[in-house]
Amino acid sequence: MTLLNSIGLDANKTKDLANDLNNLLANFQIYYQNLRGIHWNIKGKRFFDLHVKFEELYTDANLKVDEIAERILTLGETPLHTFQDYSAQAQVPVGKNVSEDEKTVELIVDSLTELLKIERQILDKSGDANDEGTNALMSDFITEQEKTVWMMKAWLS
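The model shown is predicted, which means the values in this text are computed figures rather than measured ones.

**Considerations on the environment of glutamate 144**
Its place among the elements puts glutamate 144 in helix H5 (residues 132-156). The residues touching glutamate 144, leaving out its near neighbours within four places in the chain, are Asp60 and Lys64.

Listed below in structure tokens is the structure:
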């Protein structure tokens, strides 16, 4: 007999999904911190445009961090909440002392590429678990981030 959680989904599958979402949360927190760092430290002739863009991106990332954590809670699990946990799990590159315009944009592209890999894996699992809430969240994230990668790569060209 399949044990169901409080929202009617297979408890074992949602526990596994929550673990994957915690991994995404850790990676998003590193991405968010990277965006804060490049927002603060950007230099050069493109400062004004990029400074504003990076603020837009970190504001969006902060909202996504909250959505991921709330989804983990909805699934009945506990979101990670320490930098130690985030650092231990993250695959997103850490952007320390990145201030040159092209390097900052490359960091964003590299980070989003890693996030997209994780989100696609979660999307596959959430479909298998009939978890439409997680599925919709990942679909929305993927659509937005693919567009951001395209725009950033166009800027780099």
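**Description of unusual backbone geometry**
Phi is positive for asparagine 97, which is not a glycine, with a value near 60°. Here asparagine 97 is to be found in the loop between helix H3 (83-89) and helix H4 (101-128). According to the relative accessible area criterion, asparagine 97 is exposed, its value standing at 68%. Although it is not a glycine, asparagine 130 sits at a positive phi angle of roughly 55°.

**Digging into the packing of aromatic side chains**
Using the criterion set out here, one finds 5 aromatic pairs in the structure. Here the aromatic rings of phenylalanine 47 and phenylalanine 48 are separated by 5.2 Å at their centres, their planes lie at 85°, and the arrangement is edge-to-face. A residue is classified by how much of its surface remains accessible, and phenylalanine 48, at 66% relative accessible area, is exposed. Between phenylalanine 83 and tyrosine 86, the aromatic rings sit 5.8 Å apart at their centres with planes inclined by 90°, giving edge-to-face as the arrangement. Of the two residues, phenylalanine 83 and tyrosine 86 are both situated in helix H3; the distance of 3 residues between them amounts to about one turn of the helix.

Rules and cut-offs
One numbering rule holds for all chains: residues counted from 1, following each sequence as written. Per-residue local features of the predicted model are confined to residues with pLDDT of at least 70, and side-chain atom pairs are confined, for both listing and counting, to 80 or more; whole-chain, interface and lining totals are unaffected and use all residues. To obtain the side-chain values, all non-hydrogen atoms of the structure were used and water was disregarded. Secondary structure counts use DSSP, requiring at least four H or I residues in a row for a helix and at least two E residues in a row for a strand, with both numbered from the N terminus. Contacts were defined at the residue level, with two residues in contact if any of their heavy atoms lie within 4.5 Å. For every residue, the accessible area (1.4 Å probe, protein chains only) is compared with the maximum for its type, and the residue is labelled buried under 20%, exposed over 50%, or partly exposed between those bounds. The rule is short: rings of Phe, Tyr and Trp, with Trp giving its six-membered ring, pair when the centres are within 6.5 Å, and they are stacked under 30 degrees, edge-to-face over 60, tilted in between.

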